[in-house]
Amino acid sequence: MDVPPITVFGGSGFLGRRLVATLLAAGEPVRLVARHPDAVHFNDETRLQRVSADIADETAVAQAVAGSRAVINAVSLYVERAGQTFDAVHVRGAARVARAVRHAAVPRLLHLSGIGADPASPSAYVRARAQGEQAVRGEFQPATLIRPAALFGADDALLASLAMVTRLPVVPLFGRGDTRLQPVWVEDVARGLAILACRKAAPAPLYELGGGAVYRYRDLQRRVLTHLRRRRPLIPVPFPLWHGLAAGLGLLPSPPLTRDQVYLLQYDNIAAPDMPSFDELGILPRSVGEALPECLPIR
Ligand SMILES: NC(=O)c1ccc[n+]([C@@H]2O[C@H](COP(=O)([O-])OP(=O)(O)OC[C@H]3O[C@@H](n4cnc5c(N)ncnc54)[C@H](OP(=O)(O)O)[C@@H]3O)[C@@H](O)[C@H]2O)c1
């Protein structure tokens, strides 16, 4: 009898496509679900099924989930635009996937959220992540919540933006650059998710996945400067100024910086030491320092 697939919502995204590649390389059948599921390609697609579905569509979600042996929701939205709101994607969409999992009696759901998810956060994005976690648990109590720290990897947003500002004559810091971050290698998170989706033992209810080292924002910026062999003064810029700038940029159709992103750099974003994490999965996570040459090649 054919082995039922592992279904990955958002399987074409930054994390999702690494997860799909990891599962396919391990010989697992995978169902990739996205609105544009043909956007990515893999080395061996023999066991890959592509399904076009919007998580706003109850019927399409139910069809995408049916017959799966595990479901992973790695759908994301970082900037709200017409028809695409944090509530629609991170709360109602996430709940819809969880409901479909329950109705289809799929035994395992891994739901991607983020470290720092907090219903009282000043950030609409962070609040929606917390409300999404609650909504998912409300629909499917055994769901496993996965909270990664900021992801890094080749073609990421984090290292790319740290590199981009080094082209300026002075490099502006968010505040004094004191915020502590624990960026996690996207491939480590993909590997951890694949283990949790495939193993027999039930996962813990919640994992926080941080990378191999914690950095203050300014130290991360310094590392990128050193790696790129550039010398620039680092200039502290108070957070209220960043919020004002982001509010203005927010009027553009594709803002390069949002207030939610400023909030993410205003508060420490590191894994709680007492939460299940990579050690439970037998993974020694990489640090930015180790991976910089690979992730940010000098051109
Ligand atoms: N990136 C980070 O630093 C970071 C940090 C912490 C947590 N996370 C979490 O990790 C997960 C993956 O993030 P990511 O950065 O890999 O996201 P991403 O690159 O933005 O990818 C998002 C994926 O979701 C799909 N998608 C978006 N809207 C959809 C909709 N309405 N219906 C169905 N599919 C939809 C996209 O494909 P289509 O556009 O074709 O639909 C794409 O496959 C998210 O839960 C995110 O919040 C990410």
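Note: the structure precedes this text.
Residues numbered from 1 in each chain as written. Predicted model: local features only at pLDDT ≥ 70, side-chain atom pairs only at ≥ 80, totals over all residues. Heavy atoms only, no water.

J.: Explain the nonpolar core here, please?
T.: For soluble globular proteins, the rule of thumb is that nonpolar side chains tend to be buried together. The biggest cluster of nonpolar side chains holds 37 residues, and the ones touching the most others in it are Leu15, Leu19, Val20, Ile72, Ile146, Val189 and Leu193. Elements that contribute at least two residues to this core include exactly strand 1 (6-9), helix 1 (16-25), strand 2 (30-34), strand 4 (70-73), strand 5 (109-112), helix 6 (186-198), strand 11 (206-209) and helix 10 (278-281). Those residues in contact with isoleucine 146 that sit more than four places away from it in its chain are Leu110, His111, Leu112, Ser113, Gly114, Leu193, Leu196, Tyr207 and Leu209. (Core = buried A, V, L, I, M, F, W, Y, C linked by side-chain atoms within 4.5 Å. Buried < 20%, exposed > 50% of the residue type's maximum accessible area, 1.4 Å probe, protein only. Helix = DSSP H or I, 4+ residues; strand = E, 2+ residues; numbered from the N terminus. Contact = heavy atoms within 4.5 Å.)

J.: Help me out: how do you make sense of the pairing of strand 5 in this one?
T.: For a regular strand, side-chain orientation follows a simple rule: the groups alternate between the two sheet faces. Here strand 5 shows no split at all, with Leu109 and His111 on one side and Leu110 and Leu112 on the other all buried. As paired elements, strand 4 and strand 5 share three bridges and run parallel to each other. Note on strand 5: the bridge partner recorded for isoleucine 72 is leucine 110. Each parallel crossover has a hand, and for strand 4 linked through helix 3 (residues 86-103) to strand 5 it is right-handed. Alignment of strand 5 against strand 6 (residues 144-148), held across three bridges, turns out to be parallel. Within strand 6, the position partnered with histidine 111 by the bridge is leucine 145. As a crossover connection, the stretch from strand 5 through helix 4 (residues 124-139) into strand 6 is right-handed. (Pairing = 2+ DSSP bridges. Right-handed = clockwise from strand over helix to strand, strands pointing away.)

J.: How do you make sense of the site of the ligand when you look at a structure like this?
T.: Of all residues adjacent to the ligand, which total 24 residues, the nearest are Ser12, Leu15, Arg35, Tyr78 and Arg129. Here an oxygen atom of the ligand sits 2.9 Å away from a polar atom, N or O, in the main chain of leucine 151. Isolated, the ligand exposes 900 Å² of accessible area, and the fraction of that covered by the protein chains is 86%. The residue makeup of the shell around the ligand, split by class, is 14 nonpolar, seven polar and three charged. (Near = heavy atom within 4 Å. Polar contact = N/O pair within 3.5 Å; in protein donor to acceptor, adjacent residues only side chain to side chain. Areas by Shrake-Rupley, 256 points an atom, 1.4 Å probe, with all protein chains shown as cover. Nonpolar A, V, L, I, M, F, W, Y, C, P; charged D, E, K, R; others polar.)

J.: Can you walk me through the side chain of arginine 147 in this structure?
T.: Checked against the element boundaries, arginine 147 lands in strand 6. Here arginine 147 falls in the buried class, since its relative accessible area comes to 13%. Once residues lying within four places of it in the same chain are set aside, the contact partners of arginine 147 are Ser113, Gly114, Ile115, Ala117, Glu133, Leu206, Tyr207, Glu208, Leu209 and Met275.

J.: Would you mind going over the packing of aromatic side chains with me for this structure?
T.: Each aromatic ring pair is specified by the distance between its two centres and by the angle formed by the two planes. Counted under the stated rule, the structure contains four aromatic pairs. Aromatic side chains tyrosine 78 and tyrosine 125 sit 5.9 Å apart centroid to centroid with 40° between the ring planes, which places their arrangement in the tilted category. Of the two residues, tyrosine 78 is situated in the loop between strand 4 and helix 3 and tyrosine 125 in helix 4; the sequence distance between them amounts to 47 residues. Using a relative accessible area of 10% as the deciding quantity, one classes tyrosine 125 as buried. Measuring from centroid to centroid gives 4.1 Å for phenylalanine 174 and tryptophan 242, while their planes differ by 20°, and the two rings are stacked. Of this pair, phenylalanine 174 sits in strand 8 (residues 171-174) while tryptophan 242 sits in helix 8 (residues 239-249); the two residues are 68 residues apart in sequence, bridging distant segments of the chain. Here phenylalanine 174 and tryptophan 242 have matching classes, each one buried. The lysine or arginine in question, arginine 286, covers the ring of tryptophan 185, its NZ or CZ lying 4.3 Å from the ring centre. (Phe/Tyr/Trp six-rings, centres within 6.5 Å; stacked < 30°, edge-to-face > 60°. Lys NZ or Arg CZ within 6 Å of the ring centre and 35° of its normal.)

J.: I'm lost on the sheet that holds strand 11 in this one. Help?
T.: Whenever strands of a sheet pair, they do so through backbone hydrogen bonds, lying parallel or antiparallel. Strand order in this open sheet of seven strands is 3-2-1-4-5-6-11, and the pairing throughout is parallel. Two strands in the sheet have a free side with no partner beyond their single neighbour: strand 3 (48-52) and strand 11. Ignoring which end each strand starts from, the neighbouring axes of this sheet average 15° apart. Both strand 2 and strand 3 contribute to a ladder of five bridges, which runs parallel. By the bridge assignment, arginine 31 is partnered in strand 3 with glutamine 49. Set on the sheet, helix 4 makes contact with strand 5, strand 6 and strand 11; between it and strand 5 the angle comes to about 165°. (Axes fitted to C-alpha atoms, helices over the stretch in contact; angles between N-to-C directions.)

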